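Notes for the structure review
Each chain, written out:
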Amino acid sequence: MEPQETQKQQQHQELMEAVLRLKFAQERTDRALVDLQTLATPLAAKQTPRAKFERWRDSTDGKRWKKSQHTKQNGQCANCQTPIALNGSHIDHIQPLSRSPQLACTPHNLQILCATCNQHKGDR
Ligand SMILES: [Zn+2]
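Residues numbered from 1 in each chain as written. Predicted model: local features only at pLDDT ≥ 70, side-chain atom pairs only at ≥ 80, totals over all residues.

Assignment of secondary structure puts Q4 in helix 1 (residues 3-46). When the 8 C-beta atoms within 10 Å are taken as the criterion, Q4 is described as exposed. Spatially, the C-alpha atoms of Q4 and S59 are 63 Å apart, while their sequence positions differ by 55 residues. (Helix = DSSP H or I, 4+ residues; strand = E, 2+ residues; numbered from the N terminus. Buried ≥ 20, exposed ≤ 12 C-beta atoms within 10 Å, placed from the backbone.)

Right, here's the structure in full:
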């Protein structure tokens, strides 16, 4: 066989091997993804809307939202308009978490209340 021909055949062989390695790697990745989903599904179900909200509230995003909302409300309670300090204010779910858990961290469902109004709303 011509040396050129042999080289071509070898390159072809190497290419086929690389394709096979990729195929195996993909199969391993697919299996690992299925395993991860199996592990993650029960964990996600355990995440209550309240826990999800609290995690968001304590995150950088949540803190940023609260600060900007406090400014939007002119530093006042959304219900009684009493001036409130950012730190002493409470994030309220307009549609309660119990009724609309899917709106746990949705800004348009959130407002800031003073402690008194938040307490009264919680009692209802
Ligand atoms: Zn109030």
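Having seen it, we continue.
If you check helix 1, its first and last C-alpha atoms are 65 Å apart, about what 44 residues at 1.5 Å a residue would give, namely 64 Å. The principal kink in helix 1, of about 25°, is found at A40, preceding the proline P42 by one to four residues. For helix 1, a buried count of zero out of 44 residues is recorded, marking the element as mostly open to its surroundings. (Expected span 1.5 Å × (residues − 1). Bend = angle between axes of the 7 residues up to and from the residue.)

Of all hydrophobic cores here, the largest spans six residues; its members are C77, I84, I112, L113, C114 and C117. Not counting residues within four places of it along the chain, the set of residues in contact with I112 comprises K66, Q69, H70, Q73, A78, S89, H90 and I91. (Core = buried A, V, L, I, M, F, W, Y, C linked by C-beta atoms within 7 Å. Contact = placed C-beta atoms within 7 Å.)

Time to look at helix 3 (residues 60-72). Its 13 residues give helix 3 an end-to-end C-alpha distance of 18 Å, which sits within 8% of 18 Å, the value for a rise of 1.5 Å per residue. Little of helix 3 is tucked away: zero of the 13 residues are buried. Among the residues trailing helix 3, N74 stands out with phi positive, at a value near 55°.

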